[in-house]
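Examining the three-dimensional arrangement
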Amino acid sequence: LRGRLYTARVLHQLVTGLQRRHGAAELRDVMAAALGDRDLEVGYWDATGRRWIDAAGRTLPSPESAEGGRVARILPDDAGRPMAMLIHDPALLEEPLLLDAIVSSMQGALLAQQIEAALAGERLHAASAAEDERRRIERDLHDGAQQRLLALRMKLAVSERLIEHDPQRAVALLVEMDADV
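Criteria and thresholds
Residue numbers run consecutively from 1 along every chain, following the written order of its sequence. Residue-level local features of this predicted model are given only where pLDDT is at least 70; pairs of side-chain atoms are given and counted only at 80 or more, and the full residue set underlies all totals for whole chains, interfaces and linings. Side-chain metrics rest on all non-hydrogen atoms present in the structure, leaving aside hydrogens and water. Helix numbering and strand numbering both begin at the N terminus, where a helix is a DSSP run of H or I of at least 4 residues and a strand a DSSP run of E of at least 2. Put simply, the radius of gyration uses C-alpha atoms, and a globule should come to 2.2 Å times the residue count raised to 0.38. Type-normalised accessible area, obtained with a 1.4 Å probe on protein chains alone, sets the label of each residue: buried when under 20%, exposed when over 50%, and partly exposed for intermediate values. We call two residues in contact whenever any of their non-hydrogen atoms come within 4.5 Å of each other. Here a strand pair is declared whenever DSSP counts at least two bridges between the two strands. Expected span of a helix: the number of residues minus one, times 1.5 Å. Bend at a given residue is defined as the angle between two axes, one fitted to the seven residues that end at that position and one fitted to the seven that begin there. In the sections that follow, a salt bridge refers to a side-chain nitrogen of Lys or Arg positioned within 4 Å of a carboxyl oxygen of Asp or Glu. Structural elements are reduced to axes, namely lines fitted to C-alpha atoms, with helices fitted over the stretch in contact, and the angle between N-to-C directions of any two is expressed from 0 to 180 degrees. Any angle from 65 to 115 degrees is called roughly perpendicular, while one under 35 is roughly parallel, one over 145 is roughly antiparallel, and all others are oblique. Two helices crossing with the near one rotated counterclockwise from the far one by less than a right angle form a left-handed crossing, whereas a clockwise rotation gives a right-handed crossing. Working definition of a nonpolar core: buried Ala, Val, Leu, Ile, Met, Phe, Trp, Tyr and Cys residues. They are joined through side-chain atoms within 4.5 Å.

Remarks on the overall build of the chain
Helix and strand counts for the chain stand at 4 helices and 5 strands. The C-alpha radius of gyration of the chain comes to 34 Å, more than 25% above the 16 Å expected for a compact globule of 181 residues. Oriented by its inertia axes, the alpha-carbon framework of the chain measures out at about 110 × 35 × 25 Å. Counting all 181 residues of the chain, 26% fall into the buried class. If you take every contact in the chain between residues at least 6 apart in sequence, the share linking residues at least 24 apart comes to 42%.

Examining the side chain of H88
Considering the arrangement of structural elements, one finds H88 in strand β5 (residues 82–88). Discounting residues that sit within four places of it in the chain, H88 has contacts with D37, L40, R70, V71, R73, L93 and L99.

A closer look at the sheet that holds strand β2 (residues 51–53)
Across the sheet, 5 strands lie side by side as β3-β2-β1-β5-β4; this open sheet has antiparallel pairing. The open sheet is flanked by β3 (59–60) and β4 (71–76), the only strands paired with a single partner. In this sheet, β3 lies alongside β2 in antiparallel orientation, the contact comprising 2 bridges. Opposite I53, over in β3, you have T59 as the bridge partner.

Section: helix α3 (residues 96–165)
Taking 1.5 Å of rise per residue, the 70 residues of α3 would be expected to cover 104 Å, and the 102 Å separating its terminal C-alpha atoms lies within 8% of that figure. When the local axis directions of α3 are compared, the greatest deviation, roughly 35°, occurs at L141. Buried within α3 are the following residues: L98, L99, I102, V103, M106, Q107, A109, L110, L152, K155, S159 and L162.

A closer look at the pattern of salt bridges
The tally for this structure, following the rule as stated, stands at 14 salt bridges. Notably, a salt bridge pairs D140 with R136, separated by 2.6 Å at the nearest N-O pair. Taken as a pair, D140 and R136 lie in helix α3 at a separation of 4 residues, close to a single helical turn. Residue D140 is classed as partly exposed on the basis of its relative accessible area, which comes to 42%. Salt bridges sharing partners connect three or more residues here, namely E131, D132, R134, R135 and E138.

A word on the packing of α3 against helix α4 (residues 167–180)
If you want to describe how two helices pack, look at the angle between their axes and the distance between the axes. The interhelical angle for the contact between α3 and α4, taken along N-to-C directions, is 160°, at an axis separation of 7 Å. Classified by the angle their axes make, α3 and α4 are roughly antiparallel. Handedness of the crossing formed by α3 with α4: left-handed. Every residue of α4 that contacts α3 at L152, K155, L156, V158, S159, L162, I163 and H165 is listed here: P167, R169, A170, L173, L174, E176, M177 and D180.

Some details on the nonpolar core
M31, L86, I102 and M106 are the most contacted members of the largest nonpolar core, which has 23 residues in total. Going through the elements one at a time, α1 (2–18), α2 (24–35), β1 (41–46), β5 and α3 are the ones with two or more residues in this core. The element best represented in this core is α3, accounting for 7 residues. Beyond its immediate sequence surroundings of up to four residues, I102 is in contact with V10, L14, M31, L35, L86 and L92.

Dropping the structure here:
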């Protein structure tokens, strides 16, 4: 009965704690509070450095060398590559279903973080692309249409003066402007 109550309490704390968006450090705190394991560590696989790091970027020992009798559980991503690891109290091994639920919850939270980061990157990229396109259109208008309108205005002024002195040349210039328009 105590085991079931403990499991229910842990799962309740974990689920309610994970309802809010958390950074990596806060995710560790939510999990540690739910499990009552203040020494709980969460490591993240740094593929570029080929090492495990914590939320602050400090290098962690490999899962095989967990210290002080602690146990490490690696969490894979969707492709089966290491994504994170949980270094926890070995007593959690006595509740495998609870440990599986914790790991599953953590994977969901980490995947949500990755998706949010990717969306933020896409939003930034889209905003940058829209700004680049706006600048291009602005340049095109300035360099193209504005110059043509200015040329038409100058031809109109010349045509106006030519009407009195050389009407045929004025008509030819007006026909040329029609093509320009």
